[in-house]
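Coordinates in review
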Amino acid sequence: MARTRLRITPLLALSFSAVFLTAATGCGGGGDTSSPASGASGASSADAAGKDTGPVVVATTSWEGAFAKAAGAEDLTVIVPEAVQHAPDYDPKPSDLAAVADADFVLYAPFEPYAEKFKEAAGGEAELVEVNLDNDADQAKAEVTRLGKMFGTEAAAATWITSFDTEYATLREDLKRAWPDGEAPTAVAQVFSAWSAKLAGAEVVGTYGPEAVTAQQLSDLSGKKPQLVLDNAHMSTGTVLPDSGARQVAIVNYPGKDLDLLTVYQNAATTLEKALNAS
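Treat the numbers as computed from the prediction; the structure is a model and nothing was measured.

Reading the values: rules and limits
- Residues numbered from 1 in each chain as written.
- Predicted model: local features only at pLDDT ≥ 70, side-chain atom pairs only at ≥ 80, totals over all residues.
- Heavy atoms only, no water.
- Helix = DSSP H or I, 4+ residues; strand = E, 2+ residues; numbered from the N terminus.
- Buried < 20%, exposed > 50% of the residue type's maximum accessible area, 1.4 Å probe, protein only.
- Contact = heavy atoms within 4.5 Å.
- Areas by Shrake-Rupley, 256 points an atom, 1.4 Å probe, with all protein chains shown as cover.
- Pairing = 2+ DSSP bridges.
- Axes fitted to C-alpha atoms, helices over the stretch in contact; angles between N-to-C directions.
- Right-handed = clockwise from strand over helix to strand, strands pointing away.
- Expected span 1.5 Å × (residues − 1).
- Polar contact = N/O pair within 3.5 Å; in protein donor to acceptor, adjacent residues only side chain to side chain.
- Core = buried A, V, L, I, M, F, W, Y, C linked by side-chain atoms within 4.5 Å.
- Phe/Tyr/Trp six-rings, centres within 6.5 Å; stacked < 30°, edge-to-face > 60°.
- Salt bridge = Lys/Arg side-chain N within 4 Å of Asp/Glu carboxyl O.

1. A look at the overall build of the protein
A tally of helices and strands in the protein yields 9 helices and 11 strands. Evaluated residue by residue, the protein yields a buried proportion of 49% over its 279 residues. Restricting the contact set of the protein to residue pairs at least 6 apart, pairs at least 24 apart contribute 60%. A total of about 12,400 Å² of accessible surface is found on the protein, and carbon and sulfur atoms cover 51% of it.

The structure is reproduced here in structure tokens:
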């Protein structure tokens, strides 16, 4: 099937060693899922035992899905399979559109070409939510908070944010210790990967994309003499600054099938640390 269906069971403990437990993801029973979602009818689904699982949420991709999961969504369907490298290329199937029709909330991004199809399939029943897909730490927390209010899972969202803040601070400290000669590195970043420069504490001296890099941009960016090029793994055009001496790093924005948003930051930190240690 094209869709990924998640049913998250609430957990009572918080631990980063068990990757993305319910409280850490904002998916647990810490939120008041019995409360009506802001701006919606407050409709909710129930599991086999008759327990309320909150609103039915459909997300176009794992990126939107990860934000929803962090915000506390439990009855969550993702349309685009995780294996699709470039999600906007996906062609929705009739079964995908049927899933949208059953949702209380449909999460999408405006740059996705199938967004209009999902809007039509949702009709007047589902609330359409345009998600700000930005992994910048502050932007991500703001979006998780906003979605938590919509879903009626504010407490779960707040718990996830507390966990995120702790782990994010740890990752930044680890990367700071990897700075060459103790100095903040300089970087050129693809516009959708600039958040990773902030994570690394790098100074962004230039950006590019999403359009192809022109000859003039290439010359300008090379002149900045960056130590790192933070590329977008999902829409890479190959080596951006050849012969510049800059180390290119592929940054992944989308989470995996488990919709673990925090893992995106952890994986980026691991990749960045290797690049910094090799500088």
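2. Topic: the sheet that holds strand S8 (residues 186-190)
Taken in spatial order, the 4 strands make up an open sheet running S9-S8-S10-S11, and their pairing is parallel. On the outer flanks of this sheet lie strand S9 (203-208) and strand S11 (247-251), each paired with one strand and no other. Across this sheet, the average inter-strand angle for adjacent strands is 25°, counted without regard to direction. As paired elements, strand S10 (residues 228-232) and S11 share 5 bridges and run parallel to each other. Residue pairing across strands places Leu230 opposite Val249, the latter belonging to S11. Strands in contact with helix H9 (residues 261-278) are S10 and S11; relative to S11, the strand with the most contacts, it is inclined by about 175°.

3. Quick word on the pairing of S9
Bridge count for S8 against S9 is 5 bridges, and the pairing is parallel. The residue of S9 that forms the bridge with Gln190 is Tyr208. In this region the chain leaves S8, passes through helix H7 (residues 194-200) and returns to the parallel neighbour S9; the handedness of that crossover is right-handed.

4. Some remarks on H9
Three- or four-residue spacings in an α-helix give side chains the same orientation, since the helix completes a turn every 3.6 residues. Taking 1.5 Å of rise per residue, the 18 residues of H9 would be expected to cover 26 Å, and the 27 Å separating its terminal C-alpha atoms lies within 8% of that figure. Every buried residue of H9 is listed here: Leu261, Leu262, Thr263, Val264, Tyr265, Ala268, Ala269, Leu272, Ala275 and Leu276. Two or three places before Leu262, at the start of H9, stands the capping residue Asp260, its side-chain oxygen 3.1 Å from that residue's backbone nitrogen.

5. Here's the deal with the nonpolar core
One broad rule of soluble globular proteins: the nonpolar side chains tend to lie buried together. Ranked by size, the top nonpolar core spans 67 residues in total, and within it Phe67, Leu107, Phe151, Leu199 and Leu230 carry the most contacts. It is H9 that provides the largest number of residues to this core, a total of 9 residues. Counting 7 residues, the second largest nonpolar core, distinct from the first, contains Tyr208, Leu221, Val240 and Leu241.

6. Remarks on the packing of aromatic side chains
The geometry of an aromatic ring pair is captured by the separation of the ring centres together with the interplanar angle, meaning the angle of the planes. This structure, assessed with the given rule, holds 8 aromatic pairs. Residues Phe164 and Tyr168 carry aromatic rings whose centres are separated by 5.3 Å and whose planes lie at 25° to one another, so their mutual orientation is stacked. Placement of the pair is Phe164 and Tyr168 together in helix H6 (residues 154-177), with a separation of 4 residues, close to one helical turn.

7. Some thoughts on the pattern of salt bridges
Throughout the structure, instances matching the rule amount to 7 salt bridges. In this structure, the salt-bridge partner of Arg146 is Glu143, at a minimum N-O distance of 2.7 Å. Within this pair, Arg146 and its partner Glu143 are both found in helix H5 (residues 137-151), separated by 3 residues, close to a single helical turn. Residue Arg146 is classed as partly exposed on the basis of its relative accessible area, which comes to 30%. Residue Asp174 pairs with Arg177 through a salt bridge whose shortest N-O separation is 2.3 Å.

8. Points about the environment of Tyr208
Relative to the assigned elements, Tyr208 resides in strand S9. Between the C-alpha atoms of Tyr208 and Leu218, which are 10 residues apart in sequence, the distance is 9.2 Å. Excluding its chain neighbours within four sequence positions, the residues that come into contact with Tyr208 are Val188, Ala189, Gln190, Val191, Val213, Leu221, Val229, Leu230, Asp231, Asn232 and Val240.

9. Focus: the environment of Phe105
Note that Phe105 resides in strand S6 (residues 105-108). Along the sequence, Phe105 and Glu125 sit 20 residues apart, while their C-alpha atoms lie 8.9 Å from each other.

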